[in-house]
Amino acid sequence: MFRSTFRINIRRGVSSRVSSGRGFASRRQGGPAEGSATWVEENPVKLSIAFGAVLSSYLGFQHLKSELGGTTLGLSRSLSFYSLAIPTYFRYKYLQSFEPTSQSLWDALDTEASQRGLEKILDLRGFYVKTGQMAATNIGGAFPRIWSDTMSVLQDGVPPKPSDTVMQTIKKDGFNLKDIKLGEVLGSASIGQVHSGTYNNSPCVLKVQYPEVQEQFENDVKTLLVFCRFAQPEHVPGLEEIERQFKTEFDYRKEHVHQNTIRENLKEFEDRVYIPEAYISTKNVLIQERVNGVKLNVALKEDYVRNYSQMKSLNFVPSEKFDGCRQGFIFKNDIEGLGYYADVSKNGTEIVPSSDSSSDDFRGPSKEEMKVYINAVDFRRRLGNAFRWLTGKEYMGREVLPINHAEMMDTLLEVTAKSIFLDGYFNGDPHPGNILLLDDGRLGLIDFGQVKALTWEDRVTLSEMIVALVEDDDERIADIIIRAGYKTKRGDRRLAAKYARIVLDSNDKKYTDGKHVQMFMEDLQKKDPIQDLPREFVMVSRVSLMLRGLGKAIGQERSVAQAWVGHARKVLKMEEERKAELKRQEEARRPVARSHSRDRIKGGGEGGAEVTSTSPWRYMNLEHNIAIIKKKNECKGPSCGR
């Protein structure tokens, strides 16, 4: 009916305009008006299609503009992204449809697409830098090595803004510029950049946010959501949660609290891990303690280069895990965010790009094996220092000793487990650019913009999931993830259990039906489309995937569930004790005064189990713990007296 009415109106409109002599045909030179009018009358379908196309394009433009934030600048950024992303996506789909057996075809496309992608990211910056960092970190093993190699520069190599721009932001946030001296740029990334410097003549680090970044991020995430709804809908729920979480990153006052809270929570690991103290903050500026060290990705590369020749000269092979070491290939695998390996047999100690896929299955030495090797190197160092003393030469410090990769991975997993399960307060962005190797050998943790808080109930559910994964109980795994919020079109429990395994534990090919993890996720989406995810666990999954990416790169892959299960069982034991205590109190009819609810666990009917400074239940009252940290940090460091 609409189509016929539309057609009649077109004909009537043309006839009236022609008869009155005011139609476009009467003004057209070189032909009678009647001829044009006749063409229009004889081709109403073509005219309707043309009109519909123009109208649809206009409405589509307005809708896209509204979806992406309503600004012309935002729309231009989105169109710039789509101009590369959409053609590249179809090129990959086209090649995938042929299932080529030659790896060279994939490598050629990866090389071209990743280089063009890097150029686009450096041009647009914003949230696209974050996506490039995810590729460099190779979250979940989803990215080809060539992409990880190309994007590795984004871990710490984003071009910084001029110092004048930085000082304008500092001044705008109310600081007296006479009190601040900017030093060298220590790092620049998606949100802002970090400088060494002084505040009130005290050494410090200044983190300053880019002025336009929040608007860019909001637009960029919406742009990616529109693209994912079309190309990879399985990632939409997770991206929506990441969008919500990222909104907290644009206020450095919140990061100030995050950093000092986690610093206090992890005091027990101070012999292995150190978190700098945050001193003072405004929305766009954070001033914190300065520590001496280098980014982990840089330290790994330096360690990588330095120790090949030492290992070869010692002719020391701790185990069969150093397969090929005697032939000169040592640690032949991709270092996270580096994209290099050393081939000492062919090129001396030259570092060459990593392209050999045979390194994918590399397994490095255990913590104990590395200790044996490190002790051997240390003995040689001490012996050399004795000769240096006799000759008056400079001593070799402990910084030349190799990094114990296995011990480092175990520490990162243990610290993260404590933060997630016992504290319910953890950093959701532990990529190598946010980890330092300090001069004293400890790990330094920085950048707490993406901190996630979990309720006690969430931690209990997550703990049940980790235990079920370790016990390989697919029925329980499916029950728990569905109860937590996982929803699909068909409700396939077998696929639900596989999904939980991939995002929280391991992406070993025995769990992905022998497929690459990205291909497996796409197949899962085809078989049983994902409609929603356990939103509270998205950031936990992100942490698991990031740490696995680092572990794979240094030959230290882990089952995250196995690494975390000890802390998960502690939570479940505490929950049993809590319920038993609540039951005992109920039976004894001992009411708990409501006025003391801040110091008690919520959720226990009329009252809750009492919390003391030594009780394990103190981990359950997150709000109370954060209030204590805030009070402790009211006047510390250079902020005093401001």
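Reading the values: the criteria
Each residue is numbered by its place in its chain's sequence as written, counting from 1. The predicted nature of this model means local features are confined to residues of pLDDT at least 70 and side-chain atom pairs, given and counted, to a pLDDT of 80 or more, with totals for whole chains, interfaces and linings taken over all residues. Processing note: side-chain calculations cover all non-hydrogen atoms of the structure and skip hydrogens and water entirely. For the purposes of this entry, the term helix denotes a DSSP run of H or I that reaches at least four residues, the term strand denotes a run of E that reaches at least two, and both are numbered from the N terminus. For each residue, the accessible area found with a 1.4 Å probe, counting protein chains only, is set against the maximum for its type, and the residue is called buried under 20%, exposed over 50%, and partly exposed in between. Residues are treated as being in contact if the distance between any of their heavy atoms lies within 4.5 Å. For every accessible area listed, the method is Shrake-Rupley and the probe measures 1.4 Å; residues are considered covered only by the protein chains on display. Patch definition: residues with relative accessible area over 30% and no salt bridge; like charges joined within 9 Å; nonpolar side chains (Val, Leu, Ile, Met, Phe, Trp, Tyr) joined within 5 Å. The term salt bridge refers to a pairing of a side-chain nitrogen on Lys or Arg with a carboxyl oxygen on Asp or Glu at a separation within 4 Å. Orientation is described by lines fitted to C-alpha atoms, with helices fitted over the stretch in contact, and by angles between N-to-C directions that extend from 0 to 180 degrees. In this scheme, roughly parallel covers angles under 35 degrees and roughly antiparallel covers those over 145, while 65 to 115 is roughly perpendicular and the rest are oblique. Residue type decides the class: Asp, Glu, Lys and Arg count as charged, Ala, Val, Leu, Ile, Met, Phe, Trp, Tyr, Cys and Pro as nonpolar, and the leftover types, Gly among them, as polar.

Going by an unreviewed UniProt entry, the protein chain carries the name ABC1 atypical kinase-like domain-containing protein and comes from Triparma verrucosa.

Quick look at the overall build of the protein chain now. Summing up its helical and strand segments, the protein chain has 23 helices and 16 strands in all. Here the protein chain, with 642 residues, has 51% of them falling under the buried criterion. A separation of at least 24 residues holds for 69% of the contacts in the protein chain among residues at least 6 apart in sequence. Surface accessibility of the protein chain: about 31800 Å² in total, with carbon and sulfur atoms responsible for 53%.

Moving on, we get to a nonpolar patch on the surface. Among the surface-exposed residues, Phe379, Leu383, Phe387, Trp389, Leu390 and Tyr395 lie close enough to one another that they form a single nonpolar patch of about 770 Å² accessible area. Tracing the sequence through the fold places Phe379 in helix α15 (residues 367-391).

Another point: the side chain of Thr512. Note that Thr512 resides in the loop between α19 (493-504) and α20 (517-527). With relative accessibility at 0%, the residue Thr512 sits in the buried group. If we skip the residues at most four places from it in the chain, Thr512 touches Ile502, Asn507, Val517 and Phe520.

Mapped onto the elements of the fold, Ala484 is located in helix α18 (residues 474-484). Judged by relative accessible area, which is 27%, Ala484 ranks as partly exposed. With residues up to four places along the chain from it excluded, the contact list for Ala484 reads Thr461, Pro534 and Phe537.

Turning to the packing of helix α11 (residues 236-246) against helix α21 (residues 538-553), a few remarks are in order. How two helices sit against one another is set out by the angle between their axes and by the gap between those axes. In the contact formed by α11 and α21, the axes pass within 9 Å of each other and the chain directions differ by 95 degrees. Here α11 lies roughly perpendicular to α21, going by the angle between them. Between α11 and α21, the residues in contact are Gly238, Glu241, Ile242, Gln245 and Phe246 and Val538, Met539 and Arg542, respectively. Classifying every residue of the contact of α11 with α21 gives 4 nonpolar, 2 polar and 2 charged.

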